[in-house]
Amino acid sequence: MSSIPAPGSLPASVDTFAVQVYDYLLAQGGVTRAAMGRALNTRTQDVEEALDVLRGLQLVKEEEGGDGELVAVDPEAARIELLVPLELALHDHRRRLAGVKGRLQSFMKAFEAGHRNRPHGGTVVVTDDADEIALRLLDAAQRCTREILLMQPCVAQEHTELRQAHPLILEALQRGVRVRVLYPHTARGDAGTRSRVRDLVDAGGAVRTSREVHGRSLVFDRTVAFVPAEGTAEGGTGVAAVYEPTVAAFLGGLHDQWWEPAFPLEGGAAGYAGVRDDLRATILELLASGIKDEVIARRIGVSERSFRRHVASIMQDLAASSRFQAGVMATRTGLVDPVGSDAQGRGRAVKSA
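Model, not experiment: these values are computed from the prediction.

Definitions and limits used
Position numbers for residues start from 1 in each chain and track the written sequence from start to end. Two thresholds apply to this predicted model, a pLDDT of at least 70 for residue-level local features and 80 or more for giving and counting side-chain atom pairs, whereas whole-chain, interface and lining totals are computed over all residues. Only hydrogens and water are removed before side-chain values are computed, so all heavy atoms of the structure are retained for them. The secondary structure listing takes helices from DSSP runs of H or I that are at least 4 residues long and strands from runs of E that are at least 2 residues long, numbered from the N terminus. Type-normalised accessible area, obtained with a 1.4 Å probe on protein chains alone, sets the label of each residue: buried when under 20%, exposed when over 50%, and partly exposed for intermediate values. By the convention used here, residues are in contact when the closest approach between their heavy atoms is within 4.5 Å. A pocket, in this scheme, is an open set of points on a 1 Å grid over the protein atoms alone with protein on both sides within 12 Å along at least 5 of 7 lines, while a cavity is a set where a 1.4 Å probe fits but cannot get out; residues line either one if an atom lies within 4 Å of a point. Grid points are joined across faces, edges and corners, and a volume is the space filled by probe spheres set on the points. Polarity classes work like this: nonpolar for Ala, Val, Leu, Ile, Met, Phe, Trp, Tyr, Cys and Pro, charged for Asp, Glu, Lys and Arg, and polar for all others, with Gly in that last group. Salt bridges are defined by distance alone: a side-chain nitrogen of Lys or Arg within 4 Å of a carboxyl oxygen of Asp or Glu. Here pLDDT means the predictor's own confidence in every residue, given as a number from 0 to 100.

J.: Whenever I open this one, the overall build of the protein chain confuses me. Can you help?
T.: A tally of regular secondary structure across the protein chain gives twelve helices and ten strands. Counting all 353 residues of the protein chain, 41% fall into the buried class. Taking the intrachain contacts of the protein chain between residues at least 6 apart in sequence as the baseline, contacts between residues at least 24 apart amount to 69%.

Next comes the structure, spelled out in structure tokens:
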């Protein structure tokens with residue numbers, strides 16, 4: 001069976017000409033390539049490219065007993081030739097998928113009995129085992145009926161459990177579960193995050209960005225939460241699965257607080273439009289507070305290298321020769337409030353551009 005050319009692998013003009021060739025074959029019956037080229041006043045190469053498309057779709061064949069003459073094939077016959085095997089394969093894959101899901105349900109019951117209820121593991125289970133993390137995420141996602149709350153840095157810094165959770169979140173959205181995802185402003189500059197955001201928004205999720213992120217957390221129905229394991233080394237994959245509703249509800253409440261003043265991010269739009277001043281004010285204020293670069297970078301969701309690029313850009317725009325001078329000039333120009341002038345925090349420190 002001929003392979004079908006991949007979408008986009010041939011110019012649109014080739015497909016258009018292929019339709020013309022097909023119409024000509026229908027009208028003429030058996031015809032040779034040379035005669036077709038003369039009749040259509042085109043190059044032999046163009047005819048061959050069009051015939052490749054038609055052969056791939058099973059819409060043309062050589063006439064039996066003919067001298068290389070070609071004839072058009074009924075599209076219904078081509079459909080049976082091409083699509084029926086694919087539909088049978090899809091049916092087989094669906095059947096196998098249903099069987100795997102059924103078998104996994106049996107193992108899930110054993111998993112819950114043997115692991116979740118083990119001593120010192122009833123409410124908080126700390127693990128770095130990828131299979132166990134995947135099972136616990138699957139269980140939490142399938143039990144979730146109302147809401148998923150996610151907070152994380154950009155996708156470039158995504159940890160294993162959050163990559164595993166993404167398809168589960170999309171599946172939950174299809175079931176009508178409400179999903180709210182919070183990224184730092186800096187995630188707007190990450191192509192991977194923008195692609196992820198498009199998936200979430202297209203599926204009905206809500207995405208916003210805020211000045212800072214406070215670690216990463218994933219909360220299901222405010223009863224189960226997944227957070228980084230305490231004491232895990234930087235870049236580690238350890239996860240704490242928290243089955244205490246009081247703690248999960250507390251994390252959900254914190255997400256609510258950070259969500260309200262955050263800026264919507266629709267469809268994965270590129271750039272920092274609308275949040276540039278907010279991000280720069282955050283960086284300047286954290287610098288002024290004397291926090292180390294690595295801590296600031298973690299709080300705004302970027303690597304130290306990216307953070308230093310942000311600082312260099314701010315200094316260049318302010319024509320400042322030092323970080324201290326940049327802070328002074330930002331205060332004078334109203335980009336940030338003077339230190340200590342806002343007792344309620346930095347949330348109101350940004351001035352309108």
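J.: Explanation requested: empty space enclosed by the protein in the structure shown.
T.: The gaps left among the atoms become clear once a water-sized probe is rolled over them. Under the definition given, this model contains one cavity of 30 Å³ or more. Roughly 40 Å³ of volume is contained in the largest cavity. If you trace the largest cavity, you find it lined by Leu150, Gln152, Leu162, His166, Ile169, Tyr183, Arg196 and Leu200. Counting residues per element, the ones that place at least two in the lining of the largest cavity are helix H6 (160–174) and helix H7 (191–202). If one sorts the elements of the lining of the largest cavity by residue count, H6 sits on top with three residues. Its residues assigned to classes, the lining of the largest cavity comprises five nonpolar, two polar and one charged.

J.: Looking at this structure, how should I read the pattern of salt bridges?
T.: Any two side chains of opposite charge can pair, given that their charged atoms come close. Taken as a whole and judged by the stated rule, the model has 15 salt bridges. Between aspartate 52 and arginine 55 there is a salt bridge, with its nearest N and O atoms 2.6 Å apart. Placement of the pair is aspartate 52 and arginine 55 together in helix H3 (residues 44–56), with a separation of three residues, close to one helical turn. Overall, the relative accessible area of 40% leaves aspartate 52 in the partly exposed class. A relative accessible area of 26% places arginine 55 in the partly exposed class. Residues arginine 308 and aspartate 293 are paired through a salt bridge, measuring 3.7 Å at the closest nitrogen-oxygen approach. Of this pair, arginine 308 sits in helix H11 (residues 304–317) while aspartate 293 sits in helix H10 (residues 293–300), and the two are 15 residues apart along the sequence.

J.: Help me understand the confidence of the model for the protein chain, please; the structure alone is not making it clear to me.
T.: Averaged over the protein chain, the pLDDT score is 76; the fraction of residues at 70 or greater is 75%. Note on residues 339–353: pLDDT under 50 across the span, and 25 contacts to partners over four residues away in sequence or across chains.

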